[in-house]
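Observations on the model geometry
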Amino acid sequence: VEFEGTKPPTYENDTFEGSQIVGTNVPENYTGKDFGDIPLIVEKGDCGDNGKEDILGVRWLIDNRRNLVIYGEGYMNDYNAPNTKQMKRETVNSIPPWFVNATLFDYIKVVGKVYSIGTNAFSQLENVSNITLNEAMKTIKDFAFESMSKVETIEMKKGVETLGVGVFKNCANLTTINVTRDNMK
């Protein structure tokens, strides 16, 4: 949702109840107080494709509630680990785009129809303590959560079929991976 104009609109507490809004862009001169309980977007960008021209692919945003939200439809890009100086393959993007803003969030939520977590997508994010994945998730690629030193809990919904190499490597504080009964085979 994007608001423009000289003042924020008025709305009732349940105006956005049941919606799929993940964040709100507002003019720079406003603060979170102007919009009550609506999450405000701090940073945003693209992080994947779905092969369909008429539908946006996978996107990301960081909101003022310290969440990194991955949303949209498709497959997340693969990345080099943040400490890698040169790209290893042509098909790999450099470092994850949210890494430069890593101090702005401590919780990761994947929502919508995102089907995969890319290689090294969240590797070395040291402030994150909790991760929640969506029901559409099928694949978590190599080293996706590697060296996340503060992560304690990961919520996995039904649907995850493949875990790559080193997905949870060096996650020293990871104590809980909650999976739904559907994932238990």
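Keep in mind it's a predicted model, so treat the numbers as computed, not measured.

Cut-offs used in this document
Residues numbered from 1 in each chain as written. Predicted model: local features only at pLDDT ≥ 70, side-chain atom pairs only at ≥ 80, totals over all residues. Heavy atoms only, no water. Helix = DSSP H or I, 4+ residues; strand = E, 2+ residues; numbered from the N terminus. Buried < 20%, exposed > 50% of the residue type's maximum accessible area, 1.4 Å probe, protein only. Contact = heavy atoms within 4.5 Å. Core = buried A, V, L, I, M, F, W, Y, C linked by side-chain atoms within 4.5 Å. Phe/Tyr/Trp six-rings, centres within 6.5 Å; stacked < 30°, edge-to-face > 60°. Polar contact = N/O pair within 3.5 Å; in protein donor to acceptor, adjacent residues only side chain to side chain. pLDDT = per-residue confidence, 0-100.

1. A short note on the environment of Glu152
By secondary structure assignment, the location of Glu152 is in the loop between β8 (139-140) and β9 (153-156). On the basis of relative accessibility, which here comes to 42%, the residue Glu152 falls in the partly exposed class. Placed 20 residues apart in sequence, Glu152 and Ala172 show a C-alpha to C-alpha distance of 8.5 Å. Once you skip the residues sitting within four places of it in the chain, Glu152 turns out to touch Ser129, Asn173, Leu174, Thr175 and Thr176.

2. Let's talk about the nonpolar core
In this structure, Ile70, Trp98, Phe122 and Phe145 are the most contacted members of the largest nonpolar core, which totals 32 residues. Of all the elements in the fold, those that place two or more residues in this core are β3 (58-63), β4 (67-76), β5 (107-110), β6 (113-117) and β9.

3. Remarks on the packing of aromatic side chains
A full pass over the atoms with the stated rule returns six aromatic pairs. A ring pair is formed by Phe145 and Phe168, whose centres lie 5.8 Å apart and whose planes are at 10°; its orientation type is stacked. Here Phe145, found in the loop between β8 and β9, pairs with Phe168, found in the loop between β10 (162-163) and β11 (176-179); they are 23 residues apart in sequence, far enough to count as distant.

4. Some remarks on the side chain of Asp78
Along the chain, the position of Asp78 falls in the loop between β4 and β5. In terms of polar contacts, Asp78 uses its side chain to reach the backbone amide nitrogen of Thr119, at 2.9 Å. At 3.3 Å, the side chain of Asp78 forms a polar contact with the side chain of Lys141.

5. What about the confidence of the model for the protein?
Any segment with low pLDDT has predicted coordinates that should not be analysed in fine detail. Counting all residues, the mean pLDDT for the protein is 79, and 68% of those residues have values of 70 or more. Throughout residues 1-6 the model reports pLDDT below 50, and contacts reaching past four residues in sequence, or to other chains, amount to 17 contacts. Contacts for the low-pLDDT stretch residues 85-92, under 50 throughout, to residues beyond four places or in other chains number 10 contacts.

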